[in-house]
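# Results of the structural survey
One-letter residues, chain by chain:
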Amino acid sequence: MRAQSSATARTAKAVTPPHAPTAARSSGPGTRPRSGTPLALLGVFCFSLTFPSTVWGLESFGPWSLVAVRGVLAAAVAAVFLLAQRVPLPERRHWAGLAVVGGGVVIGFPLLTTLALGTSSTAHAAVVVGLLPLTTATLAALRTGHRPSRVFWAAAVAGAAVVAAFTWQQSGGALSAGDVYLFGALLVCAAGYTEGGRLAALMPGWQVVGWALVLCLPVTVAGSVVALSLEPVHWSPHGAVGLAWVAAGSTFLGLYVWYRGMAGIGVARASQLQLAQPLMTLVWSFWLLGEELTWAAPLAATGVLVCIAVTQRARG
């Protein structure tokens, strides 16, 4: 009997695949924890160009047209990938989460921030991104039950404070009419990031983005038809480049690598990498839009990098 039990144990061990998922390795399909940070950082880089590209896009399109056409083009790219890979439809239990992702990051955040950029500078709009990491980490803790350490929360709050103070100083301390749009964008985007990060642990990140875009396609197509009939289009090189980037770069590529990164290192930890996004956006705004960059930028950058380092090393 003892020999039989020993043989059974050896057999079970032999047939267990070496790549079988375990609690320590369950970081999402095809995403290793070590690769999660570079992927999330690449997503932050893509997102940092969103506001300057949106300003360029507004040279040719109205705000509603820009957001709607952006969604249609990004969905077309996603559909090509989904069809080429013959990806089956997601399980019914995932559709509600995909709707949250679509409503938050495909429609809600782009629309609200585009409307805000009609009256606010990119420096002022960066307040949203500066507070987004902390908001995302908070919603992720409530949604998933994961509780980061006190050191993590202290560093996250400190990083948000540094970014908020810097962007507030950049905007002269004045509130604009777009602030209601900006804070609304903060909430819907954090919800979309949280739900997308959860789904990216269950399916490849690009499929999360792809299906969210396809799910929103009826809304974006209808919105494009109506908006283009009401808002005249004035083609320009800046407008074309801006539209191309917010569609292919920010909406598809950025979200694709971002959700893969979150699946690897967790929603809360990945979200803190976005503390660097406002400062990167200000650099792009200086180079691409000619906005001023003050001496406070390197000081804020140093403080943010310290906070990011602490959140990445803090125990979960």
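What comes next concerns the included structure. In this text the structure is predicted, and so the values were computed from the model without any measurement.

Now for the packing of helix α5 (residues 95-117) against helix α8 (residues 179-200). Packed helix pairs are characterised by how far apart their axes lie and by the angle those axes make with each other. Running from N to C, α5 and α8 cross one another at 150 degrees; their axes reach a closest spacing of 8 Å. Here α5 lies roughly antiparallel to α8, going by the angle between them. As α5 packs across α8, the resulting crossing turns out to be left-handed. Where α5 approaches α8, its residues G97, L98, V100, V101, G104, V105, G108, F109, L112, T113, L115 and A116 are matched on the opposing element by Y181, L182, G184, A185, V188, C189, A191, G192, Y193, E195, G196 and L199. When the residues that make up the contact of α5 with α8 are grouped by side-chain class, the tally is 16 nonpolar, seven polar and one charged.

A few words now on the nonpolar core. Counting 59 residues, the largest nonpolar core has V105, Y193, V208, L213, W258 and Y259 as its most contacted members. Ranked by residues supplied to this core, first place goes to α8 with eight residues.

This brings us to the packing of aromatic side chains. Aromatic ring pairs are described here by two measures, namely the spacing of the ring centres and the angle between the planes. Under the counting rule described, the total for this entry stands at 10 aromatic pairs. With a centroid separation of 5.8 Å and 70 degrees between ring planes, the pair formed by F45 and W284 is classed as edge-to-face. In this pair, F45 sits in helix α2 (residues 33-48) while W284 sits in helix α13 (residues 277-289), placing the two residues 239 residues apart along the sequence. On the basis of relative accessibility, which here comes to 33%, the residue F45 falls in the partly exposed class. By way of ring pairs, the aromatic residues F45, W284 and W287 are connected into one cluster.

Judged by side-chain polarity, V221, V225, V226 and L230 come together as a nonpolar surface patch covering roughly 380 Å² of accessible area. Positionally, V225 belongs in helix α10 (residues 217-230). Judged by its relative accessible area of 58%, V225 falls in the exposed class.

Given a rise of 1.5 Å per residue, 22 residues ought to cover 32 Å, and the 32 Å separating the end C-alpha atoms of helix α4 (residues 63-84) matches this to within 8%. Contacts made by the buried residues of α4 are with α3 (50-57), α5, α9 (205-215), α10 and α11 (237-265). At the C-terminal side of α4, R86 shows a positive phi close to 50 degrees.

How each quantity is defined
Residues numbered from 1 in each chain as written. Predicted model: local features only at pLDDT ≥ 70, side-chain atom pairs only at ≥ 80, totals over all residues. Heavy atoms only, no water. Axes fitted to C-alpha atoms, helices over the stretch in contact; angles between N-to-C directions. Helix = DSSP H or I, 4+ residues; strand = E, 2+ residues; numbered from the N terminus. Parallel < 35°, antiparallel > 145°, perpendicular 65-115°, else oblique. Left-handed = near helix turned anticlockwise from the far one by under 90°. Contact = heavy atoms within 4.5 Å. Nonpolar A, V, L, I, M, F, W, Y, C, P; charged D, E, K, R; others polar. Core = buried A, V, L, I, M, F, W, Y, C linked by side-chain atoms within 4.5 Å. Buried < 20%, exposed > 50% of the residue type's maximum accessible area, 1.4 Å probe, protein only. Phe/Tyr/Trp six-rings, centres within 6.5 Å; stacked < 30°, edge-to-face > 60°. Patch = residues over 30% accessible without salt bridge, like charges linked within 9 Å, V, L, I, M, F, W, Y side chains within 5 Å. Areas by Shrake-Rupley, 256 points an atom, 1.4 Å probe, with all protein chains shown as cover. Salt bridge = Lys/Arg side-chain N within 4 Å of Asp/Glu carboxyl O. Expected span 1.5 Å × (residues − 1).

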